[in-house]
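In case you want the letters, here they are:
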Amino acid sequence: EVQLVESGGDLVQPGGSLRLSCAASGFTFSSYAMSWVRQVPGKGLEWVSAINSGGSSTHYADSVKGRFTISGDNAKNTLYLQLNSLKTEDTAMYYCAKAPRREVVLFTYGYNAWGQGTQVTVSS
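Predicted model only: the values in this text are computed from it and were never measured.

(A) Examining the pattern of salt bridges more closely. In this structure the tally under the stated criterion is four salt bridges. Here E46 and R38 are joined by a salt bridge, their closest N and O atoms 2.7 Å apart. A salt bridge links R67 to D90; the nearest nitrogen and oxygen atoms lie 2.7 Å apart. Taken together, the residues R67 in the loop between β6 (58-60) and β7 (68-73) and D90 in the loop between β8 (78-83) and β9 (92-98) connect sequence positions 23 residues apart. Comparing R67 with D90, the two get one shared label, buried. Among the charged side chains, a salt-bridge network with shared partners connects R38, E46, R67 and D90.

Reading the values: the criteria
- Residues numbered from 1 in each chain as written.
- Predicted model: local features only at pLDDT ≥ 70, side-chain atom pairs only at ≥ 80, totals over all residues.
- Heavy atoms only, no water.
- Salt bridge = Lys/Arg side-chain N within 4 Å of Asp/Glu carboxyl O.
- Helix = DSSP H or I, 4+ residues; strand = E, 2+ residues; numbered from the N terminus.
- Buried < 20%, exposed > 50% of the residue type's maximum accessible area, 1.4 Å probe, protein only.

Any link to function would need more than the numbers given here.
Spelled out as structure tokens, the structure:
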């Protein structure tokens, strides 16, 4: 059974940093692309970032480019998202999602597994 478990969300002040983790199990982590997607309450999903199966290709939404960094640790079967220079508009539930193939998915749909999410709140 595929499982994705996010952690690391917290309340942080504007300008602060967080590192989100997504522990994966039930599949060969190194063989699939992964993404982070976020959702603000009452609004739709927003694709944030993606990494291909080998980790050689990363992609970011314009809203987070230069502030967020996606990475993966195949030995630990874990996906990460480093969030720096956080803004109030980054407040959202953050989900990791598994693509059905090695190549990245750059949308909010097209995934075959999702985690339960971790809450990031940016507020002073």
